[in-house]
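# Structure at a glance
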Amino acid sequence: MMLAHALTRAARGLLLGLVLATAAAATASAAPKVGGTLTFGLPTDLTKVDPHKSSAFVDTTILSHVVEPLVTYSKKLEIRPLLAESWKFSDDYKTLTMTLVAGKTFHNGREMVADDVVWSFKRLLDPETKNPKRNLFENIADVVALDAHTVRFDLNKSQPGFLHVLANANPIPAILPKESVDANGEITKLVGTGPFQFTEWKQGQYVLLKRYPQYKSPAGPKDGLAGDRTPYLDEIRMVPMTEENVAVMALVNKEIDVLQYFPAKYVEKYKKQYSKEGIVLTEVPGMSWYQVFFGLNQPVTSNPDFRKAVAYSLDLGTITRAAYMEHAEANPSVIPSQSGYYTEAHTTWPARNLAKAKEYLKKAGYAGEKVVIDTTKNYAPMYKQAIAVQSQMAEVGINAEVNVLEWPVLLKKLYGKDFQMLSFGIGPKPDPVDAYQYLNLTGAFETYPEIKSLLDQANATDDTEKRRVLFEKIHLATVDTVPWVEFYNYNYLNAFRDYVKGYETLSIGVPVLWGVWLEK
Amino acid sequence: MYPVLKIDNLQTHFHTRTGVAKAIDVVSFEIGKGEIVCVVGESGCGKSMTALSVLRLVPHPGRIVGGEIWLDGENLMAFSESEMRAVRGDRVSMIFQEPMVSLNPAFTIGNQLIEAVRIHRRVSRTEARERAIAMLRRVELPAPEARMDAYPHELSGGMRQRVMIAEALLLDPALLLADEPTTALDVTVQAQVLEVMVRAARESGTAIMMITHNLAVVSEIADRVVVMYAGRVVEQGTAEEIFTRPAHPYTRGLLRAIPSLPLGDDDGPRQPLYEMGGLVPSLTDLPPGCAFCPRCPEAFAPCDRERPPGFALGSTHAAACWLHRQEAER
Amino acid sequence: MLAYLLKRIVLMVPTLLLVALMVFLLVHFIPGDPAIVMVGGDATPEALEQVRRSLGLDQPQPVQFVTWFGHVVTGDLGRSIGTGIPVFETICERFPTTFVLTTLAMLFSVALAVPSGVLAAKFRNTGKDYLFMLVSLLGVSLPGFWLGLMALLVFSVQLGWFPSSGYVPIWQDPIAGLRYMTLPSITLGFFMAAVVARMTRSSMLEVMRLEYVTHARAKGLTEWSVLLKHALKNAFAPTLTTIGIQYGMLLGGAVVTETVFGLPGLGRFVVTAIYSRDYPAVQGCILFIALVYMFVNLAVDVLYKAFDPRVKY
């Protein structure tokens, strides 16, 4: 049952080599220079200025430079201090007491204090705020300001992983000053504590950020979103480049300095041409994960033997290449290879075996019934992988049909558990507990209570070793029951002009523009 | 002295996908100064095409393929396009059948009249305007000043045709081509309009080539008559000759088809309205002999084989019919 | 004339009411709702229900319609669920761009298409005519998306004449603004021109068969005067209607052009709003677009009389 992973491993080695080479080039240059404007090409426009109301990842990309949460992630996705300099859990993990950094100011000049933390979390929890991810914070019973620089979180249930909630990237549980909202409770001009100030948003044109000169950075070297966060750039212009071909032209024309998502189809052209024209390409393994869900309550797909047959009919490498060419890593687990929880056990998955697939089909009593794979073209990989899955299933005689839906309709079917197979993709979840929650969308918690109980145990401890063992068990349980088939994590292809120094993207997909300077 | 118009062996053909349509097979006739010549015949016989050929405005895909057209002794076929433009509207003007569609609906009467003057005369707008108003007065259009600012659709059919007449005679042309100018009009105004046209033309010494199939009109105004059939002239003569001594069976047929005309020597009881049997031959496939032969009640030996030339029956009268070979040879 | 205008404007009110109802029904008829898009693929069914409640989507649809329409009547189009910004503010910010783009494109297309149509008609059924019509066939059938990209590749990347991205409103800086607007309005105008040229050609041919054209020639006018004065003015009236329809349609948003050239127009916003089921945004924008369309129609009808005096109000 061991997956032959050698090929993709080799590919990954090569790719990391590419990243390291450019990283070395970046560090080799001289000391940072203050000043200049950087134009940054985003895939879409900002959707909302209010981080408490946002659910779009593009908002995180922009707003993480303006607002700050209490704690944040290192490059290796460990929790690090940001607005809170230290903290302490009660033994039952039901109370968290945090000490805030003193002398930290909002962009309006006022010092950030414990009352702002209380106000911000109450706002995140207030149904009137219409926070789409309110459920993330529902375990918070109360937030209390003990003194100007100390706050206490009281939780309903024990939650050792609560710090991940506070470090959440999307939406950012940002600490905002209450004077930044108007009479309607709306934020029109965002005021934060981050290294850059929100200056202007022209819808569909640009978001302008300016350096916050009084910014007080946490100590230590830059490490992911943590450590040194000193801004060097005077201005950042974030421009939406909705059309990927035009985005590449804009980079070649030096109209933008950084392109956040470089289209994979242009990599060959990059190697032949752009690399000689002062453009640098980096490829960072990412943590987004793509899969097909099975409806455990539906005809045909409720049969585990049928799902096993599907698992044996699929070759993850082929599906991965169909969706992302060489720029994704096949991975049968929700835990990405760069995570601390990733172990050999997570490579376990049935390798493609047509004979076995047919054997399981017979066992399942499959008689050529039609099986529908729901997907959408709004996100190309979801569609491409669905097509690959369909053709591989056809090879063992499964009569599968791809049903293309509009994104909101696909979501509706997902939440309604109204699908046999559903092709999907999910953004980075640094804590595997959050990732495994998605099993519930297939109905696996009801059908396989043992998986739910393993997950509850993992949720109840912050002992890394214990959690590692539990996650292995959960993964192996998914191998046995096949509620989903995980395919891959894709890489972030970032391209920028060679005069942009110190730029990097994290594996959770957030680009970091503090610590970046221009060498023109 | 030259005749105003001399058409000599004119041939105008339409080159279509189905073959060559001989709209004007061969036509010759003359119009003298100030003379009113009526060209009669059924529709499709080439009357209107003769008028358009004179202006060299034969529409696509038609083309003048032979013959000459002489205006006051000058061969129009030798004229360049710009020389032709100088002729059109100045020395030769034309009135069309449908005043509803021959005036441009998008411009005022004044605009179109002033334009007609200023194409050919270097005069100021005011001068052109005055000239136009004077002309409108001559054709008895009521309130001519106010009409200048009216659009064609605001005028009745009779008034529109008066405007057309005024425009055609604005520059005292030598020749007026009038293509069934009253056919589309209300019967009650036909006579008035005709009278206005003839009087105005006489005043300016303009000769008229009047195309019509209305023989009642012909009998009233024509000095001479040209009868056409299937692209050819079958008979021509003075009005008197044609009406009293029609020589061609076709002409006789035409005359008999008219209800209210006294038919010369025919004093007997009124005959039932005569209808000519048969069909006009296809212009793409004319018979080798006389084109009228298939319909002719008097056809005999040579008619279906040989084309009759024009036989002179007098100094002004001629007919293209084998019946008159002996007469002509005497 | 004034009475006619007033009458037409008054008649817009019931039309708008109908449009409002239709838009509401259509938008609510398509499956999926804004709450589901807001929470994305990340929520529990309970959380989804909560968001739905907070947006008032749990109310019966007639109630939702009355609430929304009640606000619309007082001039309040509501806030976009997607951006949290009042819909009217977004329209005011984005419509001018679409307006300038479409207007420039229209001017360009008329300047290109009317002469082409006239020439094609003049040289009807000759090589020149076929060439004109082939080009206009290309204009109609080439995808605007591809055309836009090619224009950028040639004039922006190869020649460097125009920027490939970015935007400055023309009313802030006419020179720079025009630089950003040139390629998009030419691309869009080329598409419009194709349709307008075909219309011009066919109505020219129609008109040139009429007797007043022969009459104009018989007056001694040159062929050009006949074409450009007598034929064109008459042929332009139906062309004007075509231009009006296209202009009105594209004012609703030239989505493809706006996307390729990254212009912050209304079209892109509406499409995003439809995809995210942003009910207030879609409803507000479509209502506004319908109103604009009605005014364009009115303008066409008024202008029509200038070319065809036979029209009566």
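This one's a predicted model, so the numbers in the text were calculated from it and none came from an experiment. Along each chain, residue indices are assigned from 1 in the same order as the chain's sequence is written. Lettering of chains starts at A and numbering of ligands starts at 1, both following the order in which they are written. For a predicted model such as this one, the threshold for reporting local features is a pLDDT of at least 70, and the threshold for listing and counting side-chain atom pairs is 80 or more; totals across whole chains, interfaces and linings nevertheless cover every residue. Excluding hydrogens and water, the side-chain figures rest on all heavy atoms present in the structure.

## Re helix α10 (residues 380–395) of chain A
- The helix and strand labels rest on DSSP assignments: H or I over at least four residues marks a helix, E over at least two residues marks a strand, and numbering proceeds from the N terminus. Helix span is expected to be 1.5 Å times the residue number reduced by one. In a regular helix each residue adds 1.5 Å, so 16 residues correspond to 22 Å; α10(A) covers 23 Å between its end C-alpha atoms and thus fits that length.
- Taken from the residues just after α10(A), A:Gly397 is the one with a positive phi, measuring 90°.

## As for the domain arrangement of chain C
Residues and elements named next belong to chain C.
- Residue ranges for the domains originate in an automatic or database domain assignment. Partitioning chain C into structural domains gives domain 1 (2–73) and domain 2 (96–307).
- Each of domain 1 and domain 2 was reduced to a C-alpha centroid, and the two centroids are 32 Å apart.
- Contacts between the two partners involve 22 residues from domain 1 and, on the opposite side, 17 residues from domain 2.
- Summed over both partners, the accessible area (1.4 Å probe) lost when two parts come together is defined as the buried area. Both faces combined, the contact of domain 1 with domain 2 buries some 1,800 Å², and carbon together with sulfur accounts for 78% of it.
- For salt bridges, the criterion is a side-chain nitrogen of Lys or Arg within 4 Å of an Asp or Glu carboxyl oxygen. Taken together, the links from domain 1 to domain 2 amount to one salt bridge.
- Close ionic contact of arginine 8 with aspartate 301 constitutes a salt bridge, the shortest N to O distance being 2.7 Å.
- The leading source of residues in the side of domain 1 that touches domain 2 is helix α1 (residues 2–29), at 13 residues.
- The nonpolar class holds Ala, Val, Leu, Ile, Met, Phe, Trp, Tyr, Cys and Pro. Asp, Glu, Lys and Arg form the charged class, and all remaining residues, Gly among them, are polar. Partitioning the side of domain 1 that touches domain 2 into residue classes produces 17 nonpolar, three polar and two charged. Two residues qualify as a contact provided that any one of their heavy atoms is within 4.5 Å of a heavy atom in the partner residue.

## What about the domain arrangement of chain A?
Residue and element names in this part refer to chain A.
- Taken domain by domain, chain A comprises domain 1 (52–239) and domain 2 (285–492).
- For domain 1 and domain 2, the distance between their C-alpha centres works out to 33 Å.
- Tallying the contact residues gives seven residues for domain 1 and eight residues for domain 2.
- In total, about 720 Å² of surface goes out of reach between domain 1 and domain 2, with carbon and sulfur atoms giving 61% of it.
- Considering only the surface of domain 1 that becomes buried against domain 2, Leu77, Pro160 and His164 emerge as the three largest contributors, covering 51% of it.
- The interface formed by domain 1 and domain 2 contains zero salt bridges.
- Counting of polar contacts relies on pairs of N or O atoms within 3.5 Å, with two restrictions inside protein: one atom must be capable of donating a hydrogen and the other of accepting it, and residues adjacent in sequence are counted only when both atoms are side-chain atoms. Across the domain 1-domain 2 interface, the total number found is one residue pair in polar contact (both at pLDDT 80 or more).
- Of the residues in the side of domain 1 that touches domain 2, the class split is five nonpolar, two polar and no charged.

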